[in-house]
Amino acid sequence: MSEEKQQVSRRQFLNYTLTGVGGFMAAGMLAPMLRMAVDPVLKEEKHGGLINVGLAVEDITNEPQRVDWKIDQVDGWYESQVSRSAWVFKDDNGDIQAFSPICKHLGCVVSWEGSDQYPNQFYCPCHDGRYYKDGTNVPGTPPLAPLDVYEQEVKDGMLFLGEPQLREEA
Ligand code: FES
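Basis of the calculations
- Residues numbered from 1 in each chain as written.
- Predicted model: local features only at pLDDT ≥ 70, side-chain atom pairs only at ≥ 80, totals over all residues.
- Helix = DSSP H or I, 4+ residues; strand = E, 2+ residues; numbered from the N terminus.
- Buried ≥ 20, exposed ≤ 12 C-beta atoms within 10 Å, placed from the backbone.
- Contact = placed C-beta atoms within 7 Å.
- UniProt positions renumbered as here; feature names shortened; annotations may be inferred.
- Pairing = 2+ DSSP bridges.
- Core = buried A, V, L, I, M, F, W, Y, C linked by C-beta atoms within 7 Å.

Quick word on the overall build of the protein
Item 1. Counting its regular elements, the protein contains one helix and 10 strands.
Item 2. Along the chain direction, N to C, the helices and strands of the protein fall in the order α-β-β-β-β-β-β-β-β-β-β.
Item 3. When each of the 170 residues of the protein is scored for burial, the buried share is 17%.
Item 4. For the protein, long-range pairs separated by at least 24 residues make up 38% of all intrachain contacts whose partners lie at least 6 apart in sequence.

Considerations on unusual backbone geometry
Item 1. Of note, Asp128 is a non-glycine position whose phi angle comes to about 60°, a positive value.
Item 2. Its place among the elements puts Asp128 in the loop between β7 (122-124) and β8 (129-131).

Topic: the UniProt feature "transmembrane region" (unreviewed entry) in the protein
Item 1. Mapped onto the present numbering, the UniProt feature "transmembrane region" (unreviewed entry) falls on residues 12-34.
Item 2. Its end C-alpha atoms 31 Å apart, residues 12-34 is made of 100% helix and 0% strand.

As for the environment of Trp87
Item 1. Mapped onto the secondary structure, Trp87 falls in strand β4 (residues 78-90).
Item 2. Judged by C-beta crowding, with 22 C-beta atoms within 10 Å, Trp87 ranks as buried.
Item 3. C-alpha of Trp87 to C-alpha of Phe122: the two residues are 35 residues apart in sequence and 9.5 Å apart in space.
Item 4. The residues touching Trp87, leaving out its near neighbours within four places in the chain, are Pro64, Arg66, Phe99, Pro101, Trp112 and Phe122.

Here we look at the sheet that holds β8
Item 1. Taken together, the three strands give an open sheet; going across it, the order is β6-β7-β8, and neighbouring strands pair in antiparallel fashion. Each end of this open sheet is capped by a strand with a single partner; those strands are β6 (111-112) and β8.
Item 2. Looking at chain direction, β7 and β8 are connected through three bridges and run antiparallel. Bridge pairing in β8 links Phe122 to Tyr131.

Brief notes about the nonpolar core
Item 1. Core analysis: the biggest nonpolar cluster contains 18 residues, and Ala86, Val88, Ala98, Val110, Phe122 and Leu161 have the highest contact counts within it.
Item 2. Taken together, the elements giving at least two residues each to this core come down to β4, β5 (96-99), β7 and β10 (158-165).

Overview of the environment of Gly129
Item 1. Here Gly129 is to be found in strand β8.
Item 2. For Gly129, a count of 23 C-beta atoms within 10 Å corresponds to the buried category.
Item 3. Separated by 19 residues in the primary sequence, Gly129 and Val110 place their C-alpha atoms 8.3 Å from one another.
Item 4. Not counting residues up to four positions away in its chain, the partners in contact with Gly129 are Cys103, His105, Val110, Cys124, Thr141, Pro142 and Pro143.

Things to note about the environment of Gly49
Item 1. Position of Gly49 relative to the elements: it lies in the loop between β1 (46-47) and β2 (50-56).
Item 2. Along the sequence, Gly49 and Glu151 sit 102 residues apart, while their C-alpha atoms lie 9.8 Å from each other.

A short note on the pairing of β10
Item 1. In terms of strand pairing, β2 meets β10 through three bridges, oriented antiparallel. When the bridges of β10 are listed, Ile51 appears paired with Leu161.
Item 2. Where strand β9 (residues 149-155) and β10 come together, six bridges link them in antiparallel fashion. Across the sheet, the residue bridging to Glu153 is Phe160, located in β10.

Re the pairing of strand β3 (residues 65-75)
Item 1. Summarising burial for β3: zero of the 11 residues are buried, a small minority.
Item 2. As paired elements, β3 and β4 share 11 bridges and run antiparallel to each other. Counterpart to Val67 in the pairing with β4 is Ala86.
Item 3. Hairpin connection between β3 and β4: a loop of two residues separates the two successive antiparallel strands, and Gly76 in this loop has a positive phi of roughly 65°.

Okay, structure coming up:
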């Protein structure tokens, strides 16, 4: 009698084990397929390599504002998210400008009107680097080149930015 009980118990144990292992293997096979099917929905909104930075064109004024966003970076098998920033404003012609905040001297981060001494300029606190509002470097300050400019596009009223591009030297 007790031997019968033990057999039933062993059978149940085998059932649970096989069900568990089978379920685990099935999940392992289905997960990549599910990921492939859903992946395009999960990716951030891109347009021709440019990324929606979450700023509506109607919110862009003549005053430079800092915009921050993240991009996916793939390095071999390693995927990570990298932060990007830009100073965005409309120039006197109403054209949108998007400058990289990376100082062209030694790579510190510049701020719009970062110094009370130099209003209406971009200022780098590391070595008193300065740039005019159009991004060109102020002669006689450490930076020897203008701020980089982001590739840009407007779609559905939103600003999309790509890679920062070098400009001609001032
Ligand atoms: S890093 Fe900006 S002035 Fe030196």
